[in-house]
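Analysis of the macromolecular model
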Amino acid sequence: MAHILNLIVQDGLKEIDASVTRVRNIVRYVRSLPARTLKFKQCCTHVKVECTKTLCLDVPTRWNSTYLMLDTAQNFEKAFDKFHFFDDRFSAYLCSHLCEDGSSASSLESDDWVNVRNLIAFLARFHELTKKVSGSRYVTCNSHFEDVSKLYCHLKMCLISEDEHLRKMAERMQEKFKKYWGEPEKMIKIIFIASILDPRNKFEYVSLAFEEHFGEEKGKKINVEVYAYMNSLFEEYLKTYSTGSCPQSPSSSTSSNNTSNASSRRVITASLIRTKLYLKKQKKVNGSRGAKSELDKYISEEQEPFSEEFYILKLARDVLAIPISSVASECAFRTGGRILDSFRSSLTPKCVQALLREQEVVTLSKEASQLNVQLQEAKAKWSEVQDVVLVAAERMTVSIERVNNLEAALNSKVEEVAATEEKCAKMEDRYKKIMEHNKVHITTIRDLYLSLSTMRSEKDGLLTEVLSA
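Residues numbered from 1 in each chain as written. Predicted model: local features only at pLDDT ≥ 70, side-chain atom pairs only at ≥ 80, totals over all residues. Heavy atoms only, no water.

Across its full length, the protein chain carries 18 helices and zero strands. Taken across its 469 residues, the protein chain has 31% of its residues classed as buried. Contacts in the protein chain between residues at least 24 apart in sequence constitute 73% of all its contacts with a sequence separation of at least 6. In the form shown here, the protein chain has an accessible surface area of approximately 32200 Å², with 56% of it arising from carbon and sulfur atoms. (Helix = DSSP H or I, 4+ residues; strand = E, 2+ residues; numbered from the N terminus. Buried < 20%, exposed > 50% of the residue type's maximum accessible area, 1.4 Å probe, protein only. Contact = heavy atoms within 4.5 Å. Areas by Shrake-Rupley, 256 points an atom, 1.4 Å probe, with all protein chains shown as cover.)

Turning our attention to the packing of helix α2 (residues 18-31) against helix α7 (residues 110-133). Running from N to C, α2 and α7 cross one another at 100 degrees; their axes reach a closest spacing of 9 Å. Looking at the two axes, α2 sits roughly perpendicular to α7. In this structure, α2 contributes Ser 19, Val 20, Arg 22 and Val 23 to the contact, and α7 contributes Asp 112, Trp 113, Asn 115, Val 116 and Leu 119. Across the contact of α2 with α7, the residue classes break down as five nonpolar, two polar and two charged. (Axes fitted to C-alpha atoms, helices over the stretch in contact; angles between N-to-C directions. Parallel < 35°, antiparallel > 145°, perpendicular 65-115°, else oblique. Nonpolar A, V, L, I, M, F, W, Y, C, P; charged D, E, K, R; others polar.)

So, on to helix α6 (residues 89-96). What sets the pattern is the α-helix's 3.6 residues per turn: residues three or four places apart point alike. For α6, the complete set of buried residues consists of Phe 90, Tyr 93 and Leu 94. Looking straight down α6, one finds that the buried residues subtend no more than 95 degrees of arc, so they occupy a single side. Exposed residues on α6 whose side chains face more than 90 degrees from its buried face are Arg 89, Cys 95 and Ser 96. On its buried side, α6 packs onto α2 and α5 (77-82). (Arc of directions from axis to C-beta.)

Before going further, it helps to spend a moment on the packing of aromatic side chains. The tally for this structure, following the rule as stated, stands at 12 aromatic pairs. Each ring, one from Phe 40 and one from Phe 83, has its centre 5.6 Å from the other, and the planes form 75 degrees; the classification is edge-to-face. Here Phe 40, found in helix α3 (residues 34-46), pairs with Phe 83, found in the loop between α5 and α6; they are 43 residues apart in sequence, far enough to count as distant. Classification of Phe 40 by relative accessible area gives buried; the value is 4%. (Phe/Tyr/Trp six-rings, centres within 6.5 Å; stacked < 30°, edge-to-face > 60°.)

What follows covers the nonpolar core. One finds Val 27, Phe 40, Phe 80, Phe 122 and Phe 126 to be the most contacted residues of the largest nonpolar core, which totals 81 residues. Ranked by the residues each element gives to this core, the list is headed by α7, at 10 residues. (Core = buried A, V, L, I, M, F, W, Y, C linked by side-chain atoms within 4.5 Å.)

It is worth spelling out the environment of Arg 62 at this point. Position of Arg 62 among the secondary structure elements: in the loop between α3 and α4 (63-73). Classification of Arg 62 as partly exposed rests on a relative accessible area of 35%.

Scanning all chains against the criterion turns up seven salt bridges. The partner of Asp 71 in a salt bridge is Lys 53, with the nearest N and O atoms 3.8 Å apart. Of this pair, Asp 71 sits in helix α4 while Lys 53 sits in the loop between α3 and α4, placing them 18 residues apart in sequence. The exposure class of Asp 71 is buried, given its relative accessible area of 18%. Residues Lys 132 and Asp 147 are paired through a salt bridge, measuring 3.1 Å at the closest nitrogen-oxygen approach. Highlighted residues: Lys 132 in helix α7 and Asp 147 in helix α8 (residues 144-158), separated in sequence by 15 residues. (Salt bridge = Lys/Arg side-chain N within 4 Å of Asp/Glu carboxyl O.)

It is generally the case that most residues other than glycine have a negative phi and that most peptide bonds are trans. Although it is not a glycine, Lys 48 adopts a positive phi angle of roughly 60 degrees. With respect to the helices, strands and loops of the structure, Lys 48 is situated in the loop between α3 and α4.

Relative to each other, helix α12 (residues 216-241) and helix α16 (residues 311-320) sit at 110 degrees, their axes nearing to 10 Å. Accordingly, the angle class assigned to the pair α12 and α16 is roughly perpendicular. Once α12 is placed against α16, the crossing between them reads as right-handed. Each of Leu 233, Phe 234, Tyr 237, Leu 238 and Tyr 241 in α12 lies in contact with α16, whose residues at this interface are Tyr 311, Ile 312, Lys 314, Leu 315, Arg 317 and Asp 318. Looking at the contact of α12 with α16, its residues break down into eight nonpolar, no polar and three charged. (Left-handed = near helix turned anticlockwise from the far one by under 90°.)

Where nonpolar side chains cluster on the molecular surface, the patch consists of Leu 295, Tyr 298 and Ile 299 and spans about 390 Å² of accessible area. Within the secondary structure, Leu 295 sits in helix α15 (residues 294-300). Residue classification places Leu 295 among the exposed positions, given a relative accessible area of 54%. (Patch = residues over 30% accessible without salt bridge, like charges linked within 9 Å, V, L, I, M, F, W, Y side chains within 5 Å.)

Considering every residue of the protein chain, the mean pLDDT works out to 77; 80% of them sit at 70 or more. Of all secondary-structure elements in the protein chain, the lowest mean pLDDT belongs to helix α13 (residues 252-264), at 39, while α3 reaches the highest, 89. Across residues 245-270 the pLDDT falls below 50, and counting only partners more than four positions away or on other chains, this stretch makes 38 contacts in the model. (pLDDT = per-residue confidence, 0-100.)

Quick look at the environment of Arg 172 now. Within the fold, Arg 172 resides in helix α9 (residues 164-181). Remark: the alpha-carbon pair of Arg 172 and Leu 13, spanning 159 residues in sequence, is separated by 8.8 Å.

Our next topic: the side chain of Gln 174. In this structure, Gln 174 sits in helix α9. Apart from residues no more than four positions distant in its own chain, Gln 174 is found in contact with Tyr 152, Leu 155 and Leu 159.

Turning to α9, a few remarks are in order. With 18 residues, α9 ought to run about 26 Å at 1.5 Å a step, and its terminal C-alpha atoms sit 25 Å apart, in line with that. Along α9, the residues classified as buried are Leu 166, Met 169, Ala 170, Met 173, Gln 174, Lys 176, Phe 177 and Trp 181. (Expected span 1.5 Å × (residues − 1).)

Overall, the coordinates contain zero disulfides when judged by the stated rule. With no disulfide of its own, Cys 43 has Cys 44 as its nearest cysteine by sulfur position, at a separation of 5.9 Å. (Disulfide = S-S within 2.5 Å.)

Structure representation (structure tokens):
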């Protein structure tokens, strides 16, 4: 997709505006000599330009370099207007220098910057889309069809723009767009399936987008073809991965229902955002009750039958893993950083080789600086670890002292317990002796009591005898 975008934009930039040529000439003049670059920095400081970017010159074969050049140059508009006060040759250069098309390079006016900013806003969509599809750390194929639809709407809006140059660019770019993406029969249907597998789109969104871009009659035909292709692909997965009885594939009645539902909706002529808004309205009309959270939607879905295999997940895994652009793999072998533009082609081979070696040295120095930073970070982490270890050692020392104190206290308590036990043993012995002594006294007392009782009985007998006598 990135290569097709490149071809589309390159074809549109053939209708390049004279304002872009003027910006390129003044950027080339500033970057031609280090002394001019230094004067330009002084001018930026004088007019208080806050942008910290550096002016860059574009490469004719790379439209994104033209976008970056214009996007950076627009921040220095005040500096370019006052630069002739810092460089006496700047005004003479604008009057005498000839551009690539043979016209003289004149000074920039306010209308030129307006045209440049309009072009920047136009190319920004393509630049962001190119970066998006060139990623390698996230899924890209699920949004390919949606991105193509957004691009189609963007070009459609530019065709009715008041800017004549922008309108001509959009016309040329739309012709190239129709060559690659204007006929859905020639497009790979797997990109439609990837969009359908996105739960934010599904088949309803894709069918509406077909009818919006290609008309109702042609959109219905494509809907049927895409659904049939996806159904056949799903059946192939059932044959490949199923071990027992295969679950039923989607019936043809579903296809007819989707087609009839899609045909009942009106054709949308606005942007893609309107398509999604219209789809949301349709869902509300069809019986959705208020906004539901993701959890409510998941709970309200039908329960899946017991199975250890989910074939639709296998299909989604294989389809969504397809990268939509080959830029990521080609970057490993590209030599774009070593290509010199025509402005530097006057260098001798020795100078070019020296510059390349210097570039390698700079690269190695950057890597060395990064390694140095990592080393410093490792040292800082090591010092933190040492501090933590010292604190832990101090805490361990305090803990050992506490343990020793506790052991000493425990030993003293043990000694106290032993002394108490010894006292208890002595008291038990004394108690036993006292009890034995008490037993002897009790026996003596008992004998005395018996003797006393005998004497009392004898006394009573004597008294009785005396009384009777």
